[in-house]
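Structural features, examined
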Amino acid sequence: MNPCPYFFLLGKGHGGSFRLLSPSVFWSSDLQLRKRGPGGGPHLLCRHSVPGLPLPPSPGLSPAYQGAGRGQGAGRGQGALRAAVTRRRRKNMAGVAGPATGSGAAGGDGDDSLYPIAVLIDELRNEDVQLRLNSIKKLSTIALALGVERTRTELLPFLTDTIYDEDEVLLALAEQLGNFTGLVGGPDFAHCLLPPLESLATVEETVVRDKAVESLRQISQEHTPVALEAHFVPLVKRLASGDWFTSRTSACGLFSVCYPRASIAVKGEIRQYFRSLCSDDTPMVRRAAASKLGEFAKVLELDSVKSEIVPLFTNLASDEQDSVRLLAVEACVSIAQLLSQDDIEALVMPTLRQAAEDKSWRVRYMVADKFSELQKAVGPKITLNDLIPAFQNLLKDCEAEVRAAAAHKVKELCENLPMEGRETMIMNQILPYIKELVSDTNQHVKSALASVIMGLSTILGKENTIEHLLPLFLAQLKDECPEVRLNIISNLDCVNEVIGIRQLSQSLLPAIVELAEDAKWRVRLAIIEYMPLLAGQLGVEFFDEKLNSLCMAWLVDHVYAIREAATNNLMKLVQKFGTEWAQNTIVPKVLVMANDPNYLHRMTTLFCINALSEACGQEITTKQMLPIVLKMAGDQVANVRFNVAKSLQKIGPILDTDALQEEVKPVLQKLGQDEDMDVKYFAQEAISVLALA
């Protein structure tokens, strides 16, 4: 703290002015934090009178905060707590303001057990947000130090009355309080945590409110039914009837956790409050209510669902705001799961049909996105009569986002159809629309379809796959969009199970080559990751003939991520095809790169040896790989030399003792004397790990 002759005493709540106090008056005054004043800023209150600064008592603080002087019966309450804060400040300022004098000096003999909370309060006042955030994250430690009673009577009132801060600090506080039940004395005192969380549930920042609601939901489960009605339900009512929309949106997430254990009379009140929020004037509140409608419906009695929830669902699904209507679609799934087939047809389907044809593409998108869940909720009969025609319309929707969402659900829709007549239904009612999407003008739609279309082969069987699906696969393998080709290749295992991959091999190879040489390195990276899968399906002969050269070319790619992935790819191929194949096909080509003029390629040789040594075993590693590694220890580039040390450390456990002592140890000792400090470091580390000292 800078040695300044005066210190600010914030007094925005008293006419908006700031007062300056001398150091002796400032440090001898018994200071406390108080709530934000009418002017919007915080106060520092002084219990001892300070000339020229009239301070009224704070109605928001407990009597202990407003008690008499430190030596006059304040005891171990808030006065003692403030004394500890003052002592901590004096200690920190010992070299700045000199020894403390005046009435506050008596606090030096106070209770040192309050020092942890004094640290907390001091950090909470710090200008550094990170310090304040750290102190909030230590709340559980502070509470343990104080004990349950003092946590309830001192810490929680302080947090409730004085915390107003940056959003990240409030978020941390909301999260901490959710796990505080044991620190305040267990479930019997869980209601003590409600006031600070209630305040946090009304703040402007959404993530803070959501975290406060999450903590309140957690704490509600620890209330007894009596305590729930005495403390938690009134909190929900206060939030639901708050002046600001922030409190009303938070209330929407609390109805479902308190309703099941409430009495019949209170249940009626809770439903009434929820109904009022569903018709609130503010769209944000209606959105929050719509998002929790399905969750609330699950805890209600069936009669209440039919008589109250369904009308609310109908109203929300026809709301003027599309952001409300699309959330009602989500609730439709939960409501339909609770009703009989006849009730679904009569009460839910008219609204769902309307949503599937909504004027807003966002609502139609939500219907497409939730289609599988809706299909399971309404049952097979309604699916055939209503959902299949709706799905056809979504597949040919005018908005690409809707078509893409529907295309993603094609496989799931087909899988969930009744077994009887499923094949005919797919062929006649779904496949014609799929064929149109294969040549869609939007690449995202084609990519979405390519990610699932291969799965239809297992549903339709070999003959239909060859006759109807294979032409679609081949067309997508030639698509101009690399994501489409990549999605087809990534799902080849589905086709391989049904018709074998040879049917695709002629079209597959050009697609793989194009992807392997694509200008976008992420596309090249993706095809590398699928290479072991392709290798297993195509067989070793086809792989050696057509794809081996691609794998080796990736090792000298100009992007490091590609070279690294290619190295891991070789290891997986060796595991799939065996060590004999590696010894004859891969290892010789890798070792040749040790003489490459580009030092990055020489380093790739070492990376490959690291990856292949374990898969190839001791014999191949000792006879073929080790001599190359030892030779590279004399490389002119220091990066290569220290990677030699790392490679020897990696392959050392595979080698026998003779090779370690006679060949590896001398090289590492030489590298340990290298002029480059990194080479020396890694060489000495390898000697230590391999116990060659």
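What counts, and at which threshold
Residues numbered from 1 in each chain as written. Predicted model: local features only at pLDDT ≥ 70, side-chain atom pairs only at ≥ 80, totals over all residues. Heavy atoms only, no water. Helix = DSSP H or I, 4+ residues; strand = E, 2+ residues; numbered from the N terminus. Contact = heavy atoms within 4.5 Å. Areas by Shrake-Rupley, 256 points an atom, 1.4 Å probe, with all protein chains shown as cover. Polar contact = N/O pair within 3.5 Å; in protein donor to acceptor, adjacent residues only side chain to side chain. Salt bridge = Lys/Arg side-chain N within 4 Å of Asp/Glu carboxyl O. Buried < 20%, exposed > 50% of the residue type's maximum accessible area, 1.4 Å probe, protein only. Phe/Tyr/Trp six-rings, centres within 6.5 Å; stacked < 30°, edge-to-face > 60°. Core = buried A, V, L, I, M, F, W, Y, C linked by side-chain atoms within 4.5 Å. pLDDT = per-residue confidence, 0-100. Patch = residues over 30% accessible without salt bridge, like charges linked within 9 Å, V, L, I, M, F, W, Y side chains within 5 Å. Lys, Arg positive; Asp, Glu negative; His and termini not counted. Charge placed at Lys NZ, Arg CZ, Asp CG, Glu CD. Arc of directions from axis to C-beta. Axes fitted to C-alpha atoms, helices over the stretch in contact; angles between N-to-C directions. Parallel < 35°, antiparallel > 145°, perpendicular 65-115°, else oblique. Left-handed = near helix turned anticlockwise from the far one by under 90°. Nonpolar A, V, L, I, M, F, W, Y, C, P; charged D, E, K, R; others polar.

The name an unreviewed UniProt entry assigns to the protein is Protein phosphatase 2 scaffold subunit Abeta, from the organism Ovis aries.

Some points on the overall build of the protein
If you tally the helices and strands in the protein, you get 39 helices and 4 strands. Residue pairs at least 24 apart in sequence account for 66% of intrachain contacts in the protein once pairs closer than 6 positions are excluded. Here the protein displays about 31200 Å² of accessible surface, and carbon together with sulfur accounts for 51% of that area.

Quick notes on the side chain of Arg602
Secondary-structure assignment places Arg602 in helix 35 (residues 599–616). Here the side chain of Arg602 touches Asp635 through a polar contact of 2.7 Å, side chain to side chain. Those residues within four positions of Arg602 in sequence are excluded, and the remaining contacts are Met593, Ala594, Asp596, Pro597, Met632, Asp635, Val637 and Val640.

Overview of unusual backbone geometry
The phi torsion at Ala691 lies on the positive side, around 55°, for a residue other than glycine. Locating Ala691 in the fold gives a position in the segment after helix 39 (677–689).

Describing the pattern of salt bridges
Evaluation of the coordinates by the stated rule reveals 26 salt bridges. Linking Arg150 and Glu154 is a salt bridge whose minimum nitrogen-to-oxygen distance equals 3.4 Å. Here Arg150 and its partner Glu154 are both found in helix 7 (residues 148–162), 4 residues apart, which amounts to about one turn of the helix. Taking the relative accessible area as the measure of exposure, Glu154 reaches 5% and is therefore buried. Its salt-bridge partner being Asp343, residue Lys306 comes within 3.0 Å of it at the nearest N-O pair. Here Lys306 is found in helix 16 (residues 302–317), whereas its partner Asp343 is found in helix 18 (residues 341–356), with 37 residues between them in sequence. Under the relative-accessibility criterion, Asp343 is labelled buried at 19%. Salt bridges here are not isolated pairs; linked through shared partners, they connect Arg271, Arg275 and Glu308.

Quick notes on the packing of aromatic side chains
Scanning the entire structure with this criterion turns up 12 aromatic pairs. Ring geometry for Phe274 and Phe296: centres 4.5 Å apart, planes at 40°, overall tilted. Of the two residues, Phe274 sits in helix 14 (residues 264–278) while Phe296 sits in helix 15 (residues 283–299), which places them 22 residues apart along the sequence. Here the two residues Phe274 and Phe296 agree in accessibility, since each one is buried.

Brief notes about the nonpolar core
Among the nonpolar cores identified, the biggest contains 215 residues, and Ile335, Ile489, Leu648 and Leu668 are the most heavily contacted of them. At 10 residues, the largest contribution of residues to this core is made by helix 17 (residues 322–338). Excluding anything up to four places from it in sequence, Ile489 contacts Leu477, Leu508, Ala511, Ile512, Leu515, Ile527 and Leu534.

Side note on the confidence of the model for the protein
Chain-level pLDDT for the protein is 80 on average; 81% of the residues reach the 70-or-more range. For residues 1–78, every residue scores under 50 in pLDDT, and the model assigns this stretch 153 contacts once sequence neighbours within four places are set aside. Throughout residues 92–110 the model reports pLDDT below 50, and contacts reaching past four residues in sequence, or to other chains, amount to 25 contacts.

A few points about the side chain of Gln476
One can find Gln476 in helix 26 (residues 456–477). Setting aside anything within four residues of it in sequence, one finds Gln476 in contact with Val438, Lys446, Leu449, Ala450, Ile453, Val484, Arg485 and Ile488.

A closer look at a negative patch on the surface
A grouping of Glu166, Asp167, Glu168 and Glu204 is seen on the molecular surface, where their side chains present a negatively charged patch. Topologically, Glu204 is positioned in the loop between helix 9 (194–200) and helix 10 (206–220).

Overview of helix 5 (residues 129–137)
Inspection of helix 5 places Arg132, Leu133, Ser135 and Ile136 among the buried residues, and these make up the whole buried set. Buried residues of helix 5 fall within an arc of 160° about the axis and therefore sit on the same side.

Thoughts on the environment of Leu456
If you trace the backbone, Leu456 turns up in helix 26. A relative accessible area of 0% means that Leu456 is categorised as buried. C-alpha of Leu456 to C-alpha of Val495: the two residues are 39 residues apart in sequence and 8.9 Å apart in space. In this view, Leu456 contacts Val410, Lys411, Cys414, Ile434 and Leu469; residues no more than four positions away in its chain are not counted.

Here we look at helix 25 (residues 443–453)
Burial analysis of helix 25 places 8 of its 11 residues in the buried class, which makes it a mostly covered element. Residues of helix 25 that are buried include every one of Val445, Lys446, Ser447, Ala448, Leu449, Ala450, Val452 and Ile453, and no others. Against helix 22 (400–408), helix 23 (410–415), helix 24 (422–438), helix 26 and helix 27 (482–490) lie the buried residues of helix 25. Where helix 25 begins, the capping side chain belongs to Asn442, and its oxygen is found 2.8 Å from the backbone nitrogen of His444.

Considering the environment of Ser215
Position of Ser215 among the secondary structure elements: in helix 10. C-alpha of Ser215 to C-alpha of Asn179: the two residues are 36 residues apart in sequence and 7.7 Å apart in space. When residues no more than four places from it in sequence are discounted, the contact partners of Ser215 are Ala174, Glu175, Gly178 and Leu197.

Considerations on the packing of helix 24 against helix 26
Close contact between helix 24 and helix 26 brings their axes to 12 Å; oriented N to C, the two are set at 15°. Classified by the interaxial angle, the pair formed by helix 24 and helix 26 is roughly parallel. Regarding helix 24 and helix 26, the two cross each other, and that crossing is right-handed. Contact residues: helix 24 offers Arg422, Glu423, Ile426, Met427, Leu431, Ile434, Lys435 and Val438, while helix 26 offers Leu456, Ile459, Leu460, Asn464, His468, Leu469, Leu472, Ala475 and Gln476.

Comments concerning the environment of Cys494
Within the fold, Cys494 resides in helix 28 (residues 492–498). Separated by 37 residues in the primary sequence, Cys494 and Ser457 have C-alpha atoms spaced 6.9 Å apart. Setting aside residues up to four positions removed in sequence, Cys494 forms contacts with Met454, Gly455, Ser457 and Thr458.

Looking at the packing of helix 16 against helix 17
Angle between the axes and distance between the axes are the two parameters that describe a pair of packed helices. Contact pair helix 16 / helix 17: the axes reach a minimum separation of 9 Å and the direction vectors enclose 155°. By the criterion of interaxial angle, the relationship of helix 16 to helix 17 is roughly antiparallel. Considering the relative orientation of helix 16 and helix 17, their crossing is left-handed. The residues of helix 17 that touch helix 16, namely those facing Leu302, Val305, Ile309, Val310, Phe313, Leu316 and Ala317, are Val324, Arg325, Ala328, Cys332, Ile335 and Leu338. By residue class, the composition of the contact of helix 16 with helix 17 is 12 nonpolar, no polar and 1 charged.

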